[in-house]
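# Understanding the architecture of this molecule
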Amino acid sequence: MGIDCVQTGGSSGGGFLADFSNGGGYLIGNISVSAGQNEYYPTLGNEALALYRRAGAA
């Protein structure tokens, strides 16, 4: 996934959030690579969700 906006230095690893319709949102990825005027991030999937749920149950 990517966006056409480049953050300033130090933003690497910062989160990408989605679904603010309920006022909270949730993490869907993190800043990974900048190229030109674009920024790309890996998306978190079912494995990350399962890990999050296991950590919350601990």
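Reference entry: report on the structure contained in this document. What you see is a predicted model, and the numbers here were worked out from it, not measured in a lab.

Across its full length, the protein chain carries one helix and five strands. Secondary structure elements in the protein chain, listed N-terminal to C-terminal, are β-β-β-β-β-α. The C-alpha radius of gyration computed for the protein chain amounts to 13 Å, which surpasses the reference 10 Å derived for 58 residues by more than 25%, pointing to a less compact arrangement than a globule. Its C-alpha atoms put the protein chain at 40 × 25 × 20 Å along the principal axes. Counting every position in the protein chain, which comprises 58 residues, the buried fraction comes to 12%. Nonlocal contacts in the protein chain, meaning residues at least 24 apart in sequence, comprise 35% of its contacts between residues at least 6 apart. Working note: accessible area of the protein chain is about 4400 Å², and carbon and sulfur atoms make up 55% of it.

Time to look at a nonpolar patch on the surface. A contiguous nonpolar surface patch, about 400 Å² in accessible area, is contributed by Leu-17, Phe-20, Leu-27 and Leu-44. Mapped onto the elements of the fold, Leu-27 is located in strand β3 (residues 26-30). Assessed through its relative accessible area of 47%, Leu-27 is described here as partly exposed.

Attention shifts here to the packing of aromatic side chains. A complete count under the given rule lists one aromatic pair for this structure. An angle of 15° between the planes, with centres 3.8 Å apart, marks the rings of Phe-16 and Tyr-41 as stacked. Here the residue Phe-16 occupies a position in strand β2 (residues 15-18), and Tyr-41 occupies one in the loop between β5 (38-40) and α1 (46-57), the gap between them amounting to 25 residues. The class for Phe-16 is buried, based on a relative accessible area of 13%.

Each value, and the rule that gives it
- Residues numbered from 1 in each chain as written.
- Predicted model: local features only at pLDDT ≥ 70, side-chain atom pairs only at ≥ 80, totals over all residues.
- Heavy atoms only, no water.
- Helix = DSSP H or I, 4+ residues; strand = E, 2+ residues; numbered from the N terminus.
- Rg over C-alpha atoms; globule rule 2.2 N^0.38 Å.
- Buried < 20%, exposed > 50% of the residue type's maximum accessible area, 1.4 Å probe, protein only.
- Contact = heavy atoms within 4.5 Å.
- Areas by Shrake-Rupley, 256 points an atom, 1.4 Å probe, with all protein chains shown as cover.
- Patch = residues over 30% accessible without salt bridge, like charges linked within 9 Å, V, L, I, M, F, W, Y side chains within 5 Å.
- Salt bridge = Lys/Arg side-chain N within 4 Å of Asp/Glu carboxyl O.
- Phe/Tyr/Trp six-rings, centres within 6.5 Å; stacked < 30°, edge-to-face > 60°.

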